[in-house]
Amino acid sequence: MNAFFSFLETKLLPPLNKVANLRFIRAIMQAGIITVPFTIVGSIFLIINNLPQIIPQLASFFESTILKFAPIYSVATTMSIGSLALFYSLGTAYFLTDIYRKEETKELSSFVGAVLGLFAFLMTIVQVDIGNDGAQLIQKTSDTAIIYNGVALGGWVTRFGGVGIFIGIITAILSTQIYRFCVKKNLTIRMPEGVPIGVSRAFASLIPAILISVVMIGINAGLAFLHTDLHGLLSKPFEFVKDLTGSWLGIVVIMLLIHLLWSVGVHGTAIIKNSFVNPILLVALTENINGSSNIFAGDFINMYIFIGGAGSTLGLVLLMIFVAKSDQLKILGKTAILPGLFNINEPVIFGAPIVYNPYLIIPFIVTPIVNVTIAYFATDFGLVNKVITGIPWISPIGIGAFLGTGGDFRAISIAFLNLAVSIVCYYPFFKIYDGKLYTEQMASKSEMGSTNG
């Protein structure tokens, strides 16, 4: 076990720490956080549309009343979940500019950076092809969508949704670098003191905006000669990453990496899930909303795997409360139960502790893998509906699974089955560790008694 921890500390941890501290990774993580309210808002109204499935007995009532007004309130879903790429683009550019502003030069404006990031992303939306007759806007029509004057339309602008998230991130990073270059090289228009700040910002962004437009036009033109664009160019590698999250083995690898990081005190959830996996799951969620059948989508991980937080530690907390003999684990369990019900488990990870603890690290790593196996095949075999709505990651066990699947009561059973499994997985290791602590506790009390005597 010492050799195992030594390997993690010396070989795996240093490069991963470097990745986690990269400026653009930090910006992407923060941008992901600001999208959460929008996915929740959109999902609330999406759940309303699924009321006939949630309560089939009242389907006719819903269809003759509230669902008649669906075109009105569904706009909230379209403009939130259907516009995630816009939020990611703005957020990534804003936070990355803000990081540079704090760490390099105060002359940068986070607001200007955000607007420029959005501008760069918007320049990737229109599809153009260059042939013998010159450049032409693509026009195409199908049964479910159209491309009109180069803009793909479904219920909304298609590339504004989950499918555009990665391009939004890339163009935000690119535009921020151009803006940063302009400021460092004094390639901006500076207004005299006394000019309103709004006017100053407008002129300060002029030259960077021109350079960004030239760069984006050059990229678009080059790819148009190849009869593709940025979205099409990145579709292939993106499909590879998506395939990883779309298979049982792929998600097992992801879970393994997350919990290996946690085992040495590094926030594996933030580094891997929040930075790299969540954007893919958001894309899969938007596809499911439109009729696809992705197993890993939305908050699948929080619904079925992270029960009580990373490592599925709610089962461990229950063992602490009801089974523990040692005072240390009993008190910790009572303290950790409330946050654990809302999938917050730092008190357990650092209080038990699980970090660097050879007694608990094995079930901490193994339990999520067992849980994901159960949830994956239950969904794959049609025993439970696929994820079709976004939920808050703090949704208590069962509630999140029920809401995330559009009101499938069977999802509650899968979530509680995984809780039971986590208890079984933790139990033997917990007993050994609790026994060790209890023995030390009794020895300490005996030593104190003999000293007093």
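Keep in mind that what you see is a predicted model, and the values were worked out from it rather than measured.

**Let's talk about the pairing of strand β1 (residues 128-131)**
Part 1: Of the pairings in the sheet, the one linking β1 to strand β2 (residues 134-137) comprises four bridges and is antiparallel in character. Paired with G131 across the strands is G134, a residue of β2.
Part 2: If you look at the hairpin formed by β1 and β2, you'll find two residues sitting between the two strands.

**Comments concerning the packing of aromatic side chains**
Part 1: This model, assessed by the stated rule, comprises 14 aromatic pairs.
Part 2: Judged by centre distance (6.1 Å) and plane angle (25°), the ring pair of F45 and Y73 falls under stacked. One end of the pair, F45, is in helix α2 (residues 23-49); the other, Y73, is in helix α5 (residues 70-80), with 28 residues separating them in the sequence.
Part 3: Residue class for F45 comes out partly exposed when judged on its relative accessible area of 25%.
Part 4: Centroid distance W248 to F377: 6.4 Å. Interplanar angle 40°. Geometry classified as tilted. Taken together, the residues W248 in helix α13 (residues 248-263) and F377 in helix α19 (residues 361-380) connect sequence positions 129 residues apart.
Part 5: W248 sits in the partly exposed class, given a relative accessible area of 31%.
Part 6: Its relative accessible area of 31% is what places F377 among the partly exposed residues.
Part 7: Looking at K325, its charged tip hangs above the ring of Y438, at a distance of 6.0 Å from the centre.

**Focus: the environment of S80**
Part 1: By secondary structure assignment, the location of S80 is in helix α5.
Part 2: In this structure, the C-alpha to C-alpha distance between S80 and T39, residues 41 residues apart in sequence, is 6.3 Å.
Part 3: Every residue in contact with S80, bar those within four places of it in the chain, is listed here: F38, V41, G42 and F87.

**Here we look at the domain arrangement of the chain**
Part 1: The domains assigned to the chain are domain 1 (23-123 + 166-226) and domain 2 (244-441).
Part 2: Using C-alpha coordinates to define each centre, domain 1 is positioned 31 Å away from domain 2.
Part 3: Every contact between the two is made by 15 residues of domain 1 and, on the other side, 19 residues of domain 2.
Part 4: When domain 1 packs against domain 2, the two sides together hide about 1,500 Å² of surface, and 78% of this comes from carbon and sulfur.

**Quick notes on the environment of A209**
Part 1: For A209, the position within the fold is in helix α10 (residues 206-225).
Part 2: Classification of A209 as partly exposed rests on a relative accessible area of 21%.
Part 3: Distance from A209 to V253, taken between C-alpha atoms, is 41 Å for residues 44 residues apart in sequence.
Part 4: Not counting residues up to four positions away in its chain, the partners in contact with A209 are L116 and F119.

**What to know about the packing of helix α8 (residues 165-184) against α10**
Part 1: Their axes nearest at 9 Å, the elements α8 and α10 cross at an angle of 135°. What the angle tells us is that α8 and α10 run oblique. Crossing hand, α8 versus α10: right-handed. Where α8 abuts α10, its residues T171, L174, S175, I178, Y179 and C182 lie against P208, L211, I212, V215, M216 and I219.
Part 2: Here the residues of the contact of α8 with α10 are counted per class, giving ten nonpolar, two polar and no charged.

**Notes on the confidence of the model for the chain**
Part 1: Averaged over all residues, the pLDDT of the chain equals 86, while 91% of them reach at least 70.
Part 2: Looking across the chain, the model is least confident in helix α12 (residues 235-245), with a mean pLDDT of 62, and most confident in helix α16 (residues 314-322), with 96.

**Examining the pattern of salt bridges**
Part 1: Under the defined criterion, the tally for this structure stands at nine salt bridges.
Part 2: In this structure, R23 and E103 form a salt bridge, with 2.9 Å as the shortest nitrogen-oxygen distance. On the criterion of sequence distance, the pair formed by R23 in helix α2 and E103 in helix α6 (residues 84-103) is long-range, its members being 80 residues apart.
Part 3: A residue is classified by how much of its surface remains accessible, and R23, at 26% relative accessible area, is partly exposed.
Part 4: The partner of R159 in a salt bridge is D229, with the nearest N and O atoms 2.8 Å apart. Placement of the pair is R159 in the loop between β5 (151-153) and α8 and D229 in the loop between α10 and α11 (230-233), with a sequence separation of 70 residues. Pair check on accessibility: R159 and D229 agree, each one buried.

Quick notes on the rules
- Residues numbered from 1 in each chain as written.
- Predicted model: local features only at pLDDT ≥ 70, side-chain atom pairs only at ≥ 80, totals over all residues.
- Heavy atoms only, no water.
- Pairing = 2+ DSSP bridges.
- Helix = DSSP H or I, 4+ residues; strand = E, 2+ residues; numbered from the N terminus.
- Phe/Tyr/Trp six-rings, centres within 6.5 Å; stacked < 30°, edge-to-face > 60°.
- Buried < 20%, exposed > 50% of the residue type's maximum accessible area, 1.4 Å probe, protein only.
- Lys NZ or Arg CZ within 6 Å of the ring centre and 35° of its normal.
- Contact = heavy atoms within 4.5 Å.
- Domains from an automatic or database assignment.
- Buried area = accessible area lost by both parts, 1.4 Å probe.
- Axes fitted to C-alpha atoms, helices over the stretch in contact; angles between N-to-C directions.
- Parallel < 35°, antiparallel > 145°, perpendicular 65-115°, else oblique.
- Left-handed = near helix turned anticlockwise from the far one by under 90°.
- Nonpolar A, V, L, I, M, F, W, Y, C, P; charged D, E, K, R; others polar.
- pLDDT = per-residue confidence, 0-100.
- Salt bridge = Lys/Arg side-chain N within 4 Å of Asp/Glu carboxyl O.

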